[in-house]
There are 2 protein chains.
Amino acid sequence: MKSFTLDPRLANDCLVLGEMRLSLLLLLKNSLVPWFILVPRRHQTEIFELGREDQEALLEEINLISGFVKGLSGVEKLNVAAIGNVVKQLHVHVIGRNSEDFCWPNVVWGRPKKTPYTVEEIRAIRESLVTKLPEGSLQLT
Amino acid sequence: MKSFTLDPRLANDCLVLGEMRLSLLLLLKNSLVPWFILVPRRHQTEIFELGREDQEALLEEINLISGFVKGLSGVEKLNVAAIGNVVKQLHVHVIGRNSEDFCWPNVVWGRPKKTPYTVEEIRAIRESLVTKLPEGSLQLT
């Protein structure tokens, strides 16, 4: 089995927050909306190609991150998507949307507008993940 | 329990192909890309809010439609997404993409360009679904 390496474009655009059972949990470096990405440590490029156990693990991780993002202040709707037209490595976006956010009601992909996180904001997100996710579901890196 | 009614915007933009165990299967009236939509007959608006059994049924239906779409001529990549910023009723897009399609590598949402299907094309899609999906997984309407 080939070892797993995070796609360099994801590594460049995101911060690796930690590891879940199946996936790496990333945070897109753009504070305009809460935008998390799950990257299964697998080589398949489509969800339906994953084995049954991996699919169940991914669903569980999507559930956990969805619940976390939906609980964030101001989040009214989730956008959950596996697209991968540019970066083929399987990755699932879990994004919190608000009816006053920068591109509502349009989708967020393909928009160049970005605002970096401060160190303090990232620290708060990490702490909040540790507090709100079930114990053991995320190992922060 | 409230009865389930398909959102009128989905009903207007799509053709109802049939019913799966959990979801209605729709075809967007736009032949530029193969674009199917699963609409669980439920009232939750987010995947993570569905009960466990419904989630498993939805995953199975996403798997079946993903496999079907990936097997269509010219499909190189799937886009699978639950967005719902405009239409709140939970619905999951399963779209087949090709590196020469009308908006590759951008996402397909929010683009007004449309080409209707012919009656013959729709008939062929229905027949292909019946042939390729496991028996009993889809009741055509």
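Anyway, here's the lowdown on the structure attached to this text. (Residues numbered from 1 in each chain as written. Chains lettered and ligands numbered in written order. Predicted model: local features only at pLDDT ≥ 70, side-chain atom pairs only at ≥ 80, totals over all residues.)

## What to know about the relation of the copies chain B and chain A
Rotating chain B by 180° about the axis while translating it 0.0 Å along that axis superimposes it on chain A, leaving an RMSD of 0.0 Å. Overall, the copies show the geometry of a two-fold rotation axis. By C-alpha distance to the rotation axis, the residue of chain B lying nearest is B:Ala81, at 2.0 Å. Interface overlap between copies is the fraction of interface residues in one copy that are interface residues in the other; for chain B against chain A it reaches 100%, indicating a shared surface. (Least-squares fit on C-alpha atoms with pLDDT ≥ 70 in both. Contact = placed C-beta atoms within 7 Å.)

## Observations regarding the interface of chain B and chain A
At the interface, 27 residues of chain B touch 27 residues of chain A. Of the residues contributing to the side of chain B that touches chain A, the split by class is 14 nonpolar, nine polar and four charged. (Nonpolar A, V, L, I, M, F, W, Y, C, P; charged D, E, K, R; others polar.)

## Considering the pairing of strand β2 (residues 23-28) of chain B
All names here are of chain B. The buried fraction of β2 amounts to six of the six residues, a majority that puts the element mostly inside the structure. Here β2 shows no split at all, with Ser23, Leu25 and Leu27 on one side and Leu24, Leu26 and Leu28 on the other all buried. In the sheet, strand β1 (residues 14-19) pairs with β2 via five bridges, with the strands oriented antiparallel. Counted as the bridge partner of Cys14 is Leu28 from β2. Hairpin connection between β1 and β2: a loop of three residues separates the two successive antiparallel strands. The sheet contact formed by β2 and strand β3 (residues 35-40) spans five bridges and is antiparallel. (Buried ≥ 20, exposed ≤ 12 C-beta atoms within 10 Å, placed from the backbone. Helix = DSSP H or I, 4+ residues; strand = E, 2+ residues; numbered from the N terminus. Pairing = 2+ DSSP bridges.)

## Some remarks on the pairing of strand β5 (residues 92-97) of chain B
All names here are of chain B. Where burial is concerned, most of β5 is hidden: six out of the six residues are buried. Covered by surrounding structure in β5 are Val92, Val94 and Gly96 together with His93, Ile95 and Arg97, the residues of both alternating faces. As paired strands, β3 and β5 are joined by four bridges and run antiparallel to one another. What sits directly across from Phe36, in β5, is Val94.

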